[in-house]
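So the chains spell out like this:
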Amino acid sequence: MATPDPGQLALPSGNGAVEHRPLGVFTRPSSSKGWRSWFTSVDHKKIGVMYGAAALFFFIIGGLEALLIRVQLWAPRGTLLTADEYNQVFTMHGTTMIFLVVMPIGAAFANYLMPLQIGARDVAFPRINAFSFWCFLFGGIFLNTAWFLGGGADGGWFMYAPNSSVVFSPGHGIDFWNIGLLITGIASLTGAVNLIVTVLNMRAPGMTLMKMPVFTWMTLVTQFLLLFAIPVLTAAQVLLLFDRAFDANFFNVEAGGDPLLWQHLFWIFGHPEVYLMILPAFGLVSDILPVFSRKPIFGYPFIVFSGIAIGFMGWGVWAHHMFVSGIGPVSVLVFSLTTMFIAVPTGVKILNWTATMARGKLKLDTPMLFCIGLITMFTIGGISGVTHSVAPADTQQTDTYYIVAHFHYVLFGGAFFGFMAGFYFYWPKVFGYLMNETLGKVNFWLMFVGFNLTFGPMHVLGLQGMSRRIYTYDAGYGFEFWNQVATIGAFVLAGSIALFIFNIFYSRAKAKSMANPGPDPWDARTIEWMIPSPVPEYNFDPIPTITRRDDFWYRKYGETEDHMPVRIAATDEVCQSAEGEHDVHLPSPSYWPIVTAFGLPIVGYGLLYTHWLSLIGGLIVVAGIYGWALEPPDDPEAEHDHHDDDHGPVGEVEPDRAEDEDLSESEKEVETVG
Ligand code: HEM
Ligand SMILES: [Cu+2]
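Residues numbered from 1 in each chain as written. Chains lettered and ligands numbered in written order. Predicted model: local features only at pLDDT ≥ 70, side-chain atom pairs only at ≥ 80, totals over all residues. Heavy atoms only, no water.

Participant: Would you mind going over the coordination of the copper ion (ligand 2) in detail, with residue names and values included?
Facilitator: Protein coordination at the copper ion (ligand 2) comes from His271 (ND1), His320 (NE2) and His321 (NE2), with a distance range of 1.8 to 2.0 Å. Look at where the donors of the copper ion (ligand 2) fall in the sequence and you get H-x48-H-H. With a gap of 50 residues between them, His271 in helix 7 (residues 259-293) and His321 in the loop between helix 8 (300-313) and helix 9 (329-341) connect regions that are remote in the sequence. With relative accessibility at 7%, the residue His271 sits in the buried group. (Donors = N, O, S within 2.8 Å, 3.2 Å for Na, K, Ca; no water. Helix = DSSP H or I, 4+ residues; strand = E, 2+ residues; numbered from the N terminus. Buried < 20%, exposed > 50% of the residue type's maximum accessible area, 1.4 Å probe, protein only.)

Participant: I'd love a proper account of the packing of aromatic side chains, names of residues and values included.
Facilitator: A complete count under the given rule lists 66 aromatic pairs for this structure. Summarising the aromatic geometry, the rings of Phe109 and Phe423 are spaced 5.4 Å apart at their centres and angled 35 degrees between planes, so their arrangement reads as tilted. Taken together, the residues span a long stretch of sequence, with Phe109 in helix 3 (residues 83-117) and Phe423 in helix 13 (residues 401-431) at a distance of 314 residues. Taken as a pair, Phe109 and Phe423 share a single burial class, namely buried. On the basis of an interplanar angle of 70 degrees and a centroid distance of 5.3 Å, the ring pair of Phe242 and Phe246 is categorised as edge-to-face. Taken as a pair, Phe242 and Phe246 lie in helix 6 (residues 214-246) at a separation of four residues, close to a single helical turn. Of the residues examined, Phe246 reaches a relative accessible area of 53% and is grouped as exposed. Sitting above the plane of the Trp38 ring, Lys46 keeps its charged end 5.1 Å from the centroid. The ring of Phe158 carries Arg469 above its face, with NZ or CZ at 4.2 Å from the centroid. (Phe/Tyr/Trp six-rings, centres within 6.5 Å; stacked < 30°, edge-to-face > 60°. Lys NZ or Arg CZ within 6 Å of the ring centre and 35° of its normal.)

Participant: Could you give an account of the site of ligand 1, naming the residues involved and the relevant values?
Facilitator: Residues in contact with ligand 1 amount to 25 residues; listed here are only the nearest, Tyr86, His93, His408, Arg468 and Arg469. Tyr86 is positioned such that a nitrogen or oxygen atom in its side chain is 2.6 Å from an oxygen atom of ligand 1. Within the side chain of His408, a nitrogen or oxygen atom sits 2.8 Å from a nitrogen atom of ligand 1. At the level of elements, helix 2 (44-72), helix 3, helix 13, helix 14 (437-463) and helix 15 (480-511) are the ones that each hand at least two residues to the shell around ligand 1. By residue number, the principal contributor to the shell around ligand 1 is helix 3, which donates seven residues. Grouping the amino acids of the shell around ligand 1 by side-chain chemistry returns 17 nonpolar, five polar and three charged. (Near = heavy atom within 4 Å. Polar contact = N/O pair within 3.5 Å; in protein donor to acceptor, adjacent residues only side chain to side chain. Nonpolar A, V, L, I, M, F, W, Y, C, P; charged D, E, K, R; others polar.)

Participant: Go over the coordination of the iron atom of ligand 1, please, and point to the residues and values.
Facilitator: Coordination of the iron atom of ligand 1 by the protein involves His93 (NE2) and His408 (NE2), with metal-donor separations of 2.0 Å. Around the iron atom of ligand 1 sit six donor atoms; with metal-centred angles ranging over 87 to 179 degrees, the donor geometry is octahedral. Of this pair, His93 sits in helix 3 while His408 sits in helix 13, placing them 315 residues apart in sequence. For the pair His93 and His408, a shared accessibility class is recorded, and that class is buried. (Tetrahedral: all angles 85-135°; square planar, octahedral: opposite > 155°, others 65-115°.)

Participant: With reference to specific residues and values, describe the pattern of salt bridges.
Facilitator: Summed over all chains, the structure comprises 12 salt bridges. Residues Arg77 and Asp474 are paired through a salt bridge, measuring 2.8 Å at the closest nitrogen-oxygen approach. Taken as a pair, Arg77 in the loop between helix 2 and helix 3 and Asp474 in the loop between helix 14 and helix 15 lie far apart in primary sequence, 397 residues in all. A salt bridge links Asp175 to Arg244; the shortest N-O distance between them is 2.7 Å. (Salt bridge = Lys/Arg side-chain N within 4 Å of Asp/Glu carboxyl O.)

Participant: Residue-level account of empty space enclosed by the protein, with values.
Facilitator: As enumerated under the stated definition, the model contains three cavities of 30 Å³ or more in all. Considered as a void within the structure, the largest cavity measures approximately 300 Å³ in volume. Lining the largest cavity are 26 residues, with Met103, Pro104, Ala107, Ser188 and Leu226 positioned closest to its centre. Of all the secondary-structure elements, those providing two or more residues to the lining of the largest cavity are helix 3, helix 4 (126-144), helix 5 (173-201), helix 6 and helix 7. Take the lining of the largest cavity: its biggest share by element is eight residues, from helix 5. A class-by-class count of the residues in the lining of the largest cavity yields 15 nonpolar, 11 polar and no charged. (1 Å grid on protein atoms, 1.4 Å probe; cavity = no way out; pocket = protein on both sides within 12 Å on 5 of 7 lines; lining within 4 Å. Points joined across faces, edges and corners; volume = space filled by probe spheres on them.)

Participant: Quick rundown of the packing of helix 18 (residues 592-608) against helix 19 (residues 611-630)? Include the residues and the values.
Facilitator: Contact pair helix 18 / helix 19: the axes reach a minimum separation of 7 Å and the direction vectors enclose 165 degrees. What the angle tells us is that helix 18 and helix 19 run roughly antiparallel. In the packing of helix 18 onto helix 19, the handedness of the crossing is left-handed. Taking contact as the criterion, the partners of Trp592, Pro593, Val595, Thr596, Gly599, Leu600, Ile602, Val603, Tyr605, Gly606 and Leu607 in helix 18 are, on helix 19, His611, Leu613, Ser614, Gly617, Gly618, Ile620, Val621, Ala623, Gly624, Ile625, Gly627 and Trp628. The class makeup of the residues in the contact of helix 18 with helix 19 is 14 nonpolar, nine polar and no charged. (Axes fitted to C-alpha atoms, helices over the stretch in contact; angles between N-to-C directions. Parallel < 35°, antiparallel > 145°, perpendicular 65-115°, else oblique. Left-handed = near helix turned anticlockwise from the far one by under 90°. Contact = heavy atoms within 4.5 Å.)

Participant: Describe the nonpolar core, with residues and values.
Facilitator: Ranked by internal contacts, the top residues of the largest apolar core, which has 183 residues, are Trp262 and Trp353. At 20 residues, helix 3 tops the list of elements feeding residues into this core. In terms of domain composition, this core takes at least three residues from each of domain 1 (43-511) and domain 2 (595-627). Residues contacting Trp353, with those up to four places away along its chain left out, are Phe282, Val285, Ser286, Leu289, Ile297, Ile303, Leu374 and Ile375. (Core = buried A, V, L, I, M, F, W, Y, C linked by side-chain atoms within 4.5 Å. Domains from an automatic or database assignment.)

Participant: Lay out the side chain of Thr454 with the relevant residues and their values.
Facilitator: As for its position among the elements, Thr454 is in helix 14. There is a polar contact of 2.6 Å between the side chain of Thr454 and the backbone oxygen of Gly450. Reaching out from Thr454, the side chain makes a polar contact with the backbone nitrogen of Ala490 at a distance of 3.0 Å. When near neighbours in sequence (up to four residues on either side) are disregarded, Thr454 contacts Ala486, Gly489, Ala490 and Leu493.

Dropping the structure here:
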């Protein structure tokens with residue numbers, strides 16, 4: 001008698017035969033349609049959209065916290081927040097914006113876009129990809145439930161010891177921060193492994209590394225930074241957990257511990273962290289700028305290798321956050337120099353972007369405006385960054401509003417402006433309609449003005465000596481005027497974000513009466529624009545064969561002797577259509593990623609309240625892993641599953657190997673004619 005497959009039950013089916021029926025819980029959900037499908041989807045596109053939606057939700061929370069800060073500081077002796085409440089609000093604001101907004105928006109674009117840019121059908125491990133997303137979401141919600149369970153974390157986003165100890169912060173706020181970020185850390189690590197394997201293993205034939213779009217390159221560097229940085233933070237967090245839960249004294253100087261250990265561990269993670277936030281935005285700008293300059297990116301290898309250089313050099317500068325922590329003159333000198341050096345590869349990018357625009361046919365549509373916004377605002381942030389690297393000057397600047405201005409110029413002016421360019425540029429590809437261009441331009445200018453009104457004055461306040469993290473200030477220091485300008489700016493900024501959200505719904509409503517903008521509304525350069533919008537579940541059919549960088553562009557345009565583009569084919573001739581039969585195998589939806597992830601916050605609540613909860617949470621995680629391991633690789637009856645017999649094993653996505661040397665003539669031949 002044949003042994004039944006795991007997850008199957010051998011049932012007598014009369015006439016002595018045995019029928020193998022999958023155990024109910026081990027069958028895979030069949031439909032990839034309807035709202036429920038979002039909970040079981042393993043489709044990288046849906047996961048990308050969910051990362052984006054969740055991050056925008058957390059952005060609103062972080063933004064409201066920022067407005068509370070600004071209202072509190074509108075005038076001397078503000079009374080909106082108490083000192084303790086203020087500590088909670090800026091800690092949660094900083095933590096939310098970094099871990100629950102900027103990082104996941106990077107993950108949203110990486111998940112949705114990168115597989116399309118390399119010509120893949122999905123990421124290497126779709127169920128792990130879903131698991132990563134749910135870990136991020138549940139970790140973020142867990143962290144924010146602190147607001148309803150005694151108050152948010154109050155030790156600042158970098159949580160210095162001994163302030164983070166139970167002596168100085170007895171409530172559970174910091175435990176929610178710690179456990180919440182341990183859970184989101186799992187999301188980052190599993191996500192990083194997944195995306196690295198996908199880039200290195202799943203590229204379309206001919207898509208060699210040096211033909212990949214810059215965003216995919218920056219995604220690869222970002223995932224390696226995550227792979228090495230998150231474990232450092234996790235190690236520090238486990239020490240903090242032991243200090244707070246079991247009096248371990250790792251950071252307690254009276255018991256031989258060392259608070260500086262936390263600072264070193266946190267910033268060994270923390271500085272690469274700032275680069276893994278900015279590099280995806282850099283990648284987006286490097287792919288969008290050529291489209292609106294109608295020129296290829298200037299110095300592609302330099303743009304790529306400067307990103308890789310930043311990825312490496314970012315590990316050698318962490319102690320510039322500790323110039324006044326007593327690390328000694330030699331360390332100060334060394335880290336001062338390494339910090340100055342890292343300005344070089346960053347400068348290379350700004351030079352190459354400027355050279356790409358130079359003598360280009362610039363089209364100032366909204367995505368392009370936000371790209372120019374990033375280049376200008378990040379340059380300002382970069383320059384103030386260089387002033388920090390001069391240690392004696394930093395002694396004056398550190399812990400003042402000059403620093404607050406700096407990191408908002410690089411994080412908001414840099415990363416967020418870059419993401420806004422990506423939203424407006426890729427919106428038609430993801431959702432099948434264009435965002436309203438007039439509202440888009442107003443959105444940009446309102447955000448640009450609001451941003452500079454909010455954070456520009458902070459440079460002045462900082463040099464005037466206003467410390468950060470003070471919940472109020474006395475009259476007579478001359479801080480009033482610029483604080484009021486900054487608060488007005490913050491509300492203009494909030495208005496621009498409200499306008500962005502309005503534009504989403506307005507354009508969606510309008511789209512109902514408008515024609516689909518087609519696969520390539522911007523006349524773009526990379527292959528994600530040669531497939532229908534919204535992108536069909538199977539992405540490409542057939543998988544394209546790549547012959548050069550900007551492969552899609554050169555399917556549409558040839559070049560005259562003086563490198564002027566000349567049309568050689570109409571867009572719809574070279575684009576793939578969603579019409580007709582598409583016989584493509586796809587991984588099936590699954591319950592188990594969300595179930596397994598759901599057990600983690602329950603373990604977290606158990607650590608804070610009752611170990612019974614930890615037990616229950618632990619059982620859910622174990623059951624989830626078992627269910628995951630035992631579920632059939634695929635449900636042959638599943639409606640979404642267009643079997644294609646020439647595809648091998650079912651289940652996880654099959655990689656299309658991209659030979660890293662150029663294609664034989666005959667292969668090139670086959671594809672282009674197709
Ligand atoms: C939406 C508009 C925003 C406004 C008005 C704003 C305002 C502020 C202000 C006033 C502070 C200083 C609080 C203090 O030191 O007392 C602050 C801190 C901070 N902000 Fe923002 N911010 C905004 C967006 C962002 C974004 C997009 C990020 C991106 C990552 C961010 C990251 C941070 C961080 C990390 C801190 C430090 C928190 C700490 O000291 O622990 N902010 N923000
Ligand atoms: Cu740093």
